[in-house]
Each structure stands twice: as C-alpha cells, then as structure tokens.
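# Observations on chain architecture
Listed below are the residues making up each chain.
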Amino acid sequence: MNKRFRKIVIAGGSGYIGKVLTNYFQDQTEEIIVLSRRKSVTMENVRTVQWDVKHQGEWVKELENADALLNLTGKSVNCRYHDKNKREILESRVDATNILGGAISHLKNPPKVWIQYASATIYKHAEDSPMDEYSGEIGEGFSVNVCKKWEGAFWNQHVPGTRKVLLRVAIVFGKVDGVFVRLENLVRFGFGGKHGNGNQMVSWVHDEDLSRITDWILKHEQIEGTFNAASPDPVQNWELMKAIRSSQKVVFGLNAPTWLLRIGAWIIGTETELILKSRWVIPKKLEELGFTFKFKTIKEAIHEITKK
C-alpha cells in the first residue's frame, strides 16, 4: 500500500500526545522519527533519535526532506511552580523552538510544514465570554507569560521554505493517559464532585480529533497561522464531572472546595491553576475553514473513551 507521507518528525514525541500522533500516522508514513532525550526501542517504521534542545547535532539531518515537523517539546506543567520548575518549563519550550528554527534555516530541503503545539491557557480566566482567535483576550500570570514567550519564539523563526502553524491546544482527553484518566479515577474513588465552585469552563479536545486536526493541516497546504485546537462544546467543571459520573454509573461524588484542592495540590506536587482556571476557548477558525470535529460534545467524547 502506498504511504501518504515519506517522513514525519515528532520533536518531544515520547509523551502521551506524541504517542497518539505516532499511532495515528504510523500506517500512513514510511518513517516516523521521534526526537527524544531518552533512548527508546525502535519498532517497525518508528525510530527514536536522541537530541538536545540546547545544541545542534546529528539529529538535525533527520529534518531533511521531512513532510512535517510536529513539535511537542516542553517540561510538564503538572508540577509545583517554584523557581527551578518555572525556569525549566519556560526554557524547555523556548530553547527547543529556537534550536529547531535554527536547524531548519540551514537545511537544503527543510520540512514542508512545522506545526507547533502550544497551549490554550494563553487566554485569560474567562467566565464572561468565549475566547476565539480573533477577539480572545490574552491573560496574565506565569503560565500566560510562558505561552507568550513560547509563541513569540516560534513566530520569530525565519524559515522561508517551511509553512508554519501554531495550535493553541485545550485539555486533551483520551483512553490511554492524560487528564481524563485521572478524573475518571477520582470518580471511581468517590471524589467526583465539582472542583472549587464548579463554574469554571473546561475547554477540551479528544485526542483523535487532535490527530485529525493535524492531518487536516497537512492536507490543506494553504493554511498557516494560529488556531484553537479545542472542541466546540466547552463545559463547566460541574457538568464535566457529572458526565463522567454518569458514564461510570456513579450517583454521588464528593465536592472539592478550593481550600482542599490547594492542600491536595501541595501534597501531590502540582498547582490548582490546572483545574481551577476557567478556559473558555472555541475553535472559530478551524470551523470557518471547514474542519469537522468527530467528537463535538462532551457526551460523545466520554462515550467513546469509556466504551469497552
């Protein structure tokens, strides 16, 4: 069977979303190169190459003649925001973007397209109106500043032979890993009530739709710019938790007030922002240009994720 792509490079592709994208494109691509800091076993047409986000090396040649570069690199934000972690969160994103841009700029045959997976948390804590790519208001604080510098680094790269697309990705839901699995476990153990006042908006995207958005960008060679990668059906936190409880046939779940969440976050080494910030993001540009979501509503997504 003829493959659609000769080579796709996934930088920072050893994590959850990287594995989702690898699985999606594996049958369509002659070779997938995963750039990772860690060694990994090579399987079939997927090969892991070690790289360093601060120094160019042998890994640069893997970018030659690539159909696409998908950049997912960045330290997890699921940690405490002390000075060391803050520095690593920022530097891991900006350094990777700069080193990739520098590498691409010197290639004879650079990647046809560079898709940068950034974050929808760049928008403000939104309780009054949804945020789209045209009128959405940029927020304030550490996470937003990281996003602004990250996006700035991407758009500052001069790579004239490569099309550039930036995705502001919402919370990704899927079967295997990520946020949904953790919320599902809370429900199973009786802690599936609302978080805080429960009114904060949750923007999400099914991991299959994130792969489909990527595929759609590769197909439509005229598309460039910034897009919100989020389902058109954001929900409030209490609605989300109710839907997950319903999928598990759990009638009741203990609520988690803000003060308790702060204690719990400190114990497990994370920040309450990840669950209390109201992210009300809609994919206006994607829908205007004709992209159709497979999982438009939270009920559709949860049904697919939880089905046996």
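Structural notes, computed from the coordinates. All of these numbers come straight from a predicted model, not from anything done at the bench.

What follows covers the nonpolar core. Counting 32 residues, the largest nonpolar core has Ile115, Tyr117 and Leu167 as the members making the most contacts within it. Among the secondary structure elements, those contributing two or more residues to this core are strand S1 (5-11), helix H1 (16-25), strand S2 (29-36), strand S4 (68-71), strand S5 (113-119), strand S6 (163-169), helix H5 (207-219) and strand S10 (225-229). When residues in this core are grouped by element, the largest group, 5 residues, is from H5. Setting aside anything within four residues of it in sequence, one finds Tyr117 in contact with Leu21, Leu70, Asn71, Leu72, Trp150, Leu167, Val169, Leu210 and Thr214.

Turning next to the packing of aromatic side chains. A full pass over the atoms with the stated rule returns 10 aromatic pairs. The interplanar angle of 80° and the centroid separation of 4.9 Å between the aromatic rings of Tyr24 and Phe25 together place this pair among those described as edge-to-face. Taking relative accessible area as the criterion, Tyr24 reaches 25% and is therefore assigned partly exposed. Here Phe25 falls in the buried class, since its relative accessible area comes to 1%. Ring centres 5.7 Å apart and planes at 70° place the aromatic pair Trp216 and Phe291 in the edge-to-face group. Residue Trp216 is located in helix H5, and its partner Phe291 is located in the loop between helix H9 (284-288) and helix H10 (298-306); the two are separated by 75 residues in the primary sequence. Comparing Trp216 with Phe291, the two get one shared label, buried. Members of the aromatic cluster, connected to one another through ring pairs, are Phe5, Tyr24 and Phe25. Stacked on the ring of Phe142, the Lys or Arg Lys86 has its end atom at 5.3 Å from the ring centre.

Per the counting criterion, the structure on display carries 17 salt bridges. Here Arg47 makes a salt bridge to Glu62, at a shortest N to O gap of 3.1 Å. Taken together, the residues span a long stretch of sequence, with Arg47 in strand S3 (residues 46-50) and Glu62 in the loop between S3 and S4 at a distance of 15 residues. On the basis of relative accessible area, Arg47 is assigned to the partly exposed category, the value being 27%. Residue classification places Glu62 among the buried positions, given a relative accessible area of 9%. Of the charged contacts in the structure, one is a salt bridge between Lys61 and Glu58, with a shortest N-O distance of 3.2 Å.

How each quantity is defined
- Residues numbered from 1 in each chain as written.
- Predicted model: local features only at pLDDT ≥ 70, side-chain atom pairs only at ≥ 80, totals over all residues.
- Heavy atoms only, no water.
- Core = buried A, V, L, I, M, F, W, Y, C linked by side-chain atoms within 4.5 Å.
- Buried < 20%, exposed > 50% of the residue type's maximum accessible area, 1.4 Å probe, protein only.
- Helix = DSSP H or I, 4+ residues; strand = E, 2+ residues; numbered from the N terminus.
- Contact = heavy atoms within 4.5 Å.
- Phe/Tyr/Trp six-rings, centres within 6.5 Å; stacked < 30°, edge-to-face > 60°.
- Lys NZ or Arg CZ within 6 Å of the ring centre and 35° of its normal.
- Salt bridge = Lys/Arg side-chain N within 4 Å of Asp/Glu carboxyl O.

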